[in-house]
Each structure stands twice: as structure tokens, then as C-alpha cells.
Amino acid sequence: MASTAMRLFDRVFTYLFPLSLLEPTPWLDMWKEKERNDFVSAVRIFFPIAAALYLAHYWLFDLPMGLEPGVNWLLFRVSMVLIAVLALIYYWSPLHKVRAYRAVAVVATTIFSVSQSWVTVFYPAAPWLYCFVFVVVSALILRTSVIKSTAFALVIIALQWPALMKAGLAVPEVVSASGVTLLALVVLRGAYLADVRYFLLNQQNIDAQRRNIELNIEFTDRIKSFIPGQIANRLERHLKYRGTSVVSAIYEVLRPRKLEIACLFSDIRGFTEGSKDLDAFISESVLPNLKACTDAVEINGGIPRKIGDLMFAYFDYPSVHLNLLRAILSGLEIARINSDLNVTNANSGHSEIERFILISVGEAIVGNIGGFDSSVEITALGSPVNFLSRLDEATKHPELRKRLESSDLLLCDRSLSLLKEMGVYPTVVSLDLEDLGVSIRNFPDKTVVHAMRPSERNRDLIRAFFDRLKEEGLTGDEDRSEAA
């Protein structure tokens with residue numbers, strides 16, 4: 001019983017004081033600003049209409065009906081028009097932004113309502129109920145709560161009372177009309193509570209959407225910090241162009257696909273021995289080298305993966321020719337980084353880094369081959385990857401190694417064929433593995449590899465060709481953006 005009474009009290013209190021719903025929220029000031037704007041918009045329409053009606057009433061009713069004295073009726077109508085015009089000027093001026101912005105409308109509508117009650121004195125044929133219609137319209141124009149509208153109506157009725165009594169109306173009639181007027185206002189202004197509730201629900205919905213967006217952005221940012229830059233860019237484009245949820249976008253972007261890719265594989269020689277000196281070799285040489293090499297791969301659109309000192313990357317644009325070019329550009333940049341860092345290391349007494357850069361092409365499964373928990377594994381699986389792993393073993397053979405220089409790019413046979421298909425002829429040294437007594441484990445048919453020296457000629461040749469394709473919009477970036 002107590003809880004029922006409390007709920008009833010809450011309902012009555014909320015009905016009388018709707019703004020109590022907004023008091024504990026951050027949106028009360030926003031509601032007040034909205035209320036002000038809605039009120040000002042309404043009175044800017046009401047007062048011109050009121051002025052026009054008063055003026056028209058004189059010409060269309062007062063004169064035809066012969067109301068006397070005519071000058072007094074004209075003065076009355078013009079006075080009401082003047083009040084409406086002055087109120088309109090006020091609400092079009094900056095003055096309407098004051099705290100008590102309703103005051104002018106309160107005064108004007110009060111004058112309209114009270115003057116109408118005196119009309120019944122000077123023109124007894126006028127329907128006296130018009131006085132109460134004016135009260136209802138005036139209260140509605142003010143757009144306030146039930147309790148404020150009722151209080152306003154009571155004040156006006158009190159001000160109208162002397163004129164109505166002087167007009168000879170019976171007290172019961174006036175009391176009855178007053179009661180009906182107040183009841184009508186209670187019902188009509190109940191919409192104010194509905195407006196407040198709607199506003200509150202709308203703001204809660206907007207706030208929930210904003211928080212959801214912020215959480216999505218935060219979640220995306222955190223994910224992007226743990227995944228390769230190219231994957232992060234695809235995720236961002238997927239969210240932007242398709243409007244899916246973050247989770248759906250992650251599943252789609254990382255979904256394993258069978259593609260023809262280019263792979264890059266580079267292992268640091270002598271890492272195990274050098275790693276005994278953590279400060280000089282790891283901190284001063286390896287870590288900066290790996291960071292710079294990773295950046296070089298990502299700048300060229302590759303997806304890098306590091307396992308200790310091993311740098312692996314794959315390039316999965318729609319065209320295998322473009323993938324190969326991007327892999328070679330990355331390899332040449334890694335070679336330059338390696339050379340520059342070795343010069344710095346030599347000057348500072350740190351160990352130099354020796355590495356070969358191996359490149360192959362072929363079909364592979366790429367994407368997340370693990371789950372979507374701690375087992376996430378963004379990589380490539382397939383023959384071109386396995387081939388590079390076995391080729392890396394072969395580079396340790398003395399006969400092959402003595403024919404290679406640090407930072408050489410080793411290309412598979414098909415890679416060189418694809419370059420020739422594009423009309424690109426870099427300077428390479430073709431090495432017959434059978435003549436050297438070298439075999440590639442699990443790939444006995446692969447008997448030739450091609451060593452591309454990271455010379456200025458080769459670097460300029462590949463870069464110039466790729467830049468020309470980029471100027472013509474043929475590097476695949478535009479297609480990938482639209483596809484995302």
C-alpha cells in the first residue's frame with residue numbers, strides 16, 4: 001500500500017513538475033534553451049496573427065455592426081495591434097535572450113484576455129465565453145508546465161472577474177466556465193510532460209549512441225595498435241564505407257582468403273651469437289633495424305610479421321605484378337636501411353647486421369589463421385612462404401653464400417618472369433644451384449635463383465616504374481579503397 005501511494009505521489013509530482021525529470025541529468029540547460037527557442041518561434045507567429053485579427057475585426061465586424069462610439073472601438077483595436085507589434089519587435093530583438101523572456105508575452109496576453117472581458121461590458125451581445133477562450137489560448141502560447149499554466153489562468157480569471165460581474169453574468173456561470181477552463185488547461189498542458197519525457201529519452205538515446213561510438217573508436221584504436229598498419233587501414237575503411245560494427249568488420253577484414261601474393265623473408269645472420277650482448281647488439285642494432293624495416297614494408301602496402309629477428313611480410317593486392325613490385329621496393333628499402341645502420345654501427349663500434357632479402361610469388365591463404373582471442377595470427381600460408389623458408393636455409397651453404405653480398409635480394413624464377421612481363425629488366429645475377437651443389441629442401445625443382453644487388457640503378461628502375469603506375473592510378477590503392 002505504501003509503495004502504491006508513493007508511486008501515485010511520484011506520478012502527480014512529475015505531472016505538476018515535469019522538469020524534475022531533468023534535474024539530475026546534464027540536459028536541463030539544453031532543455032531550457034530548446035524551450036526558449038520553441039517559445040520564441042511560436043510567438044513570432046502568434047503576434048502577427050493576433051495583430052491582423054484585431055485589425056480585421058474592426059473593419060469586418062465593428063463597422064458593419066455599427067458599434068458606438070466608433071472612435072473608442074477603433075482606439076481599442078489599434079491599441080491591441082500596437083501591443084502585438086511591440087511584442088513582436090521585442091521577440092525579434094536580442095532582448096528576448098534575457099532570463100525572463102516570457103514576461104512580455106505574459107503581459108501582452110494578459111492585456112488581450114482582460115480587455116476581452118471588458119468587451120462584454122460595452123457590447124453585451126458579445127459571447128462572454130470568448131473571455132475564457134482567450135485564457136486558454138494565452139496559457140497555451142506561454143508553453144509552460146501544468147502548474148504554471150493553471151496559476152497564470154487563475155490570475156487572468158481573477159483580473160477578468162470584475163468586468164464579468166459588471167456585465168451582469170451570474171456567479172455560478174463564471175465559476176463553472178472557470179472550472180472547465182482550468183480542467184482543459186490541465187489536460188492540454190499534460191503534453192508538456194510528454195515533451196519532457198520525449199526529450200529525455202531522445203537525449204539518453206543520443207548519449208548511448210555517442211558512448212557506443214566512443215567505445216567503438218576506443219576499441220578500434222586499441223585493436224589497431226596490435227595489428228599491422230595495412231590491416232588497420234582496411235578495418236578503418238571497412239567501418240567508414242560499409243557502416244558495419246567493429247566486430248563484423250574485424251571478422252571480414254581478417255577472414256582467410258586464397259590470393260596470389262608476393263612474400264618477403266629476411267633473417268639476420270649471426271643473430272644467436274650476437275644476441276649474447278643485449279645492450280650493444282639487440283638494443284642498439286637489431287631493434288632499430290627491425291622497426292625501420294617494418295616501416296618500410298608498411299609504407300609499401302605490405303603486412304609484416306616479426307618472429308624474433310626474422311622479418312616476414314606478404315603483399316596481397318589484387319594484382320600479383322603489383323605485389324611483386326611492392327615487395328621489391330620494400331626489399332630495396334630494407335637493404336638501404338641495413339647499409340646505413342651498418343655504417344652508423346661501424347662508426348660507433350657496434351656489430352654490423354648481415355641479412356639477405358628473399359622474395360617469391362604464388363598462391364597462399366592469407367588473413368587470420370587463428371581464432372579471435374589470444375590465438376589471433378595474421379600471416380600467410382602456402383608454397384611461396386615455405387619456399388622462402390627453405391631458401392633461407394640454402395643461403396647458409398658456403399658455395400651459395402660466398403656468391404652473395406649482404407642485403408642482396410634473392411628472387412625466385414617466377415618473380416623475374418613477372419618483371420620481364422612488365423618490361424622491367426633489373427640487373428641480376430642468376431645462380432644455378434645444381435652447379436653449386438646446393439638444393440632447396442622440399443623444392444627439388446627450384447634450381448635457379450636470381451640475386452638482385454641493391455644498386456642505385458635497380459632502385460631507380462623499380463621506383464620509376466612504380467611511380468609511373470601510381471600517376472596513372474594503376475597501383476591498386478583506388479580499387480582497394482572502393483572495395484573496402
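Rules and cut-offs
- Residues numbered from 1 in each chain as written.
- Predicted model: local features only at pLDDT ≥ 70, side-chain atom pairs only at ≥ 80, totals over all residues.
- Heavy atoms only, no water.
- Helix = DSSP H or I, 4+ residues; strand = E, 2+ residues; numbered from the N terminus.
- Buried < 20%, exposed > 50% of the residue type's maximum accessible area, 1.4 Å probe, protein only.
- Areas by Shrake-Rupley, 256 points an atom, 1.4 Å probe, with all protein chains shown as cover.
- Axes fitted to C-alpha atoms, helices over the stretch in contact; angles between N-to-C directions.
- Parallel < 35°, antiparallel > 145°, perpendicular 65-115°, else oblique.
- Left-handed = near helix turned anticlockwise from the far one by under 90°.
- Contact = heavy atoms within 4.5 Å.
- Nonpolar A, V, L, I, M, F, W, Y, C, P; charged D, E, K, R; others polar.
- Expected span 1.5 Å × (residues − 1).
- Phe/Tyr/Trp six-rings, centres within 6.5 Å; stacked < 30°, edge-to-face > 60°.
- Lys NZ or Arg CZ within 6 Å of the ring centre and 35° of its normal.
- Polar contact = N/O pair within 3.5 Å; in protein donor to acceptor, adjacent residues only side chain to side chain.

## Comments concerning the overall build of the protein chain
So, point 1. When you go through the protein chain residue by residue, the secondary structure sums to 19 helices and eight strands.
So, point 2. Counting all 484 residues of the protein chain, 44% fall into the buried class.
So, point 3. For the protein chain, the computed accessible surface area is about 25,100 Å², with 61% contributed by carbon and sulfur atoms.

## Remarks on the packing of helix 9 (residues 229-242) against helix 10 (residues 246-254)
So, point 1. Their axes nearest at 9 Å, the elements helix 9 and helix 10 cross at an angle of 125 degrees. Taken together, the axes of helix 9 and helix 10 lie oblique to each other. Taken as a pair, helix 9 and helix 10 cross one another with a handedness that is right-handed. Facing helix 9, whose interface residues are Ile-231, Arg-234, Leu-235, His-238, Leu-239 and Arg-242, helix 10 presents Val-246, Ala-249, Ile-250, Glu-252, Val-253 and Leu-254.
So, point 2. Each residue belonging to the contact of helix 9 with helix 10 can be placed in one class, and the counts come to eight nonpolar, one polar and three charged.

## Some thoughts on the side chain of Thr-395
So, point 1. As for its placement among the helices and strands, Thr-395 is situated in the loop between helix 14 (383-394) and helix 15 (398-401).
So, point 2. Excluding residues within four positions of it along the chain, Thr-395 makes contact with Arg-269, Phe-356, Leu-358, Leu-400, Arg-401, Leu-404 and Leu-410.

## Side note on helix 6 (residues 146-166)
The periodicity of an α-helix, 3.6 residues per turn, causes residues three or four places apart in sequence to face the same way.
So, point 1. Here helix 6 contains 21 residues, and its C-alpha end-to-end distance of 30 Å stays within 8% of the 30 Å for a straight helix at 1.5 Å per residue.
So, point 2. All of the buried residues in helix 6 are Val-146, Ser-149, Thr-150, Phe-152, Ala-153, Ile-156, Ile-157, Gln-160, Ala-163 and Leu-164.
So, point 3. Once helix 6 finishes, Gly-168 follows within two positions and takes phi at roughly 85 degrees, a positive value.

## Some points on the packing of aromatic side chains
So, point 1. Applying the stated criterion across every chain yields a total of 15 aromatic pairs.
So, point 2. When the centroid spacing of 5.1 Å and the interplanar angle of 65 degrees are considered together, the rings of Phe-46 and Phe-47 count as edge-to-face. The exposure classification of Phe-46 matches that of Phe-47, with both residues buried.
So, point 3. Relative to Trp-59, the ring of Tyr-58 has its centre 5.3 Å away and its plane inclined at 80 degrees; by these criteria the two rings are edge-to-face.
So, point 4. Tyr-58 sits in the buried class, given a relative accessible area of 8%.
So, point 5. A residue is classified by how much of its surface remains accessible, and Trp-59, at 54% relative accessible area, is exposed.
So, point 6. Put simply, the rings of Phe-39, Phe-46, Phe-47, Tyr-54, Trp-73, Phe-76, Tyr-90, Tyr-91, Tyr-101 and Phe-112 pair up and form one aromatic cluster.
So, point 7. Positioned over the ring face of Phe-39 is Arg-102, at 5.5 Å from the centre of the ring.

## Some thoughts on the environment of Ser-266
So, point 1. Following the sequence through the fold, Ser-266 ends up in strand 1 (residues 257-269).
So, point 2. Residue class for Ser-266 comes out buried when judged on its relative accessible area of 1%.
So, point 3. Linking Ser-266 and Ile-357, residues 91 residues apart in sequence, is a C-alpha distance of 4.7 Å.
So, point 4. If near-sequence neighbours (up to four positions away) are discounted, Ser-266 is found in contact with Asp-309, Leu-310, Met-311, Arg-355, Phe-356 and Ile-357.
So, point 5. Only 2.7 Å separates the side chain of Ser-266 from the side chain of Arg-355, close enough to count as a polar contact.
So, point 6. Within polar-contact distance, the side chain of Ser-266 engages the backbone oxygen of Phe-356 at 2.8 Å.

## Here's the deal with the packing of helix 2 (residues 28-65) against helix 3 (residues 70-92)
So, point 1. Packing of helix 2 against helix 3 leaves a shortest axis separation of 9 Å and a crossing angle of 165 degrees. By the angle class used here, helix 2 and helix 3 are roughly antiparallel. In the packing of helix 2 onto helix 3, the handedness of the crossing is left-handed. Residues Phe-39, Val-40, Val-43, Arg-44, Phe-47, Pro-48, Ala-51, Tyr-54, Leu-55, His-57, Tyr-58 and Asp-62 of helix 2 form the contact with helix 3, whose participating residues are Gly-70, Trp-73, Leu-74, Phe-76, Arg-77, Met-80, Val-81, Ala-84, Ala-87, Leu-88, Tyr-91 and Trp-92.
So, point 2. Partitioning the contact of helix 2 with helix 3 into residue classes produces 19 nonpolar, two polar and three charged.

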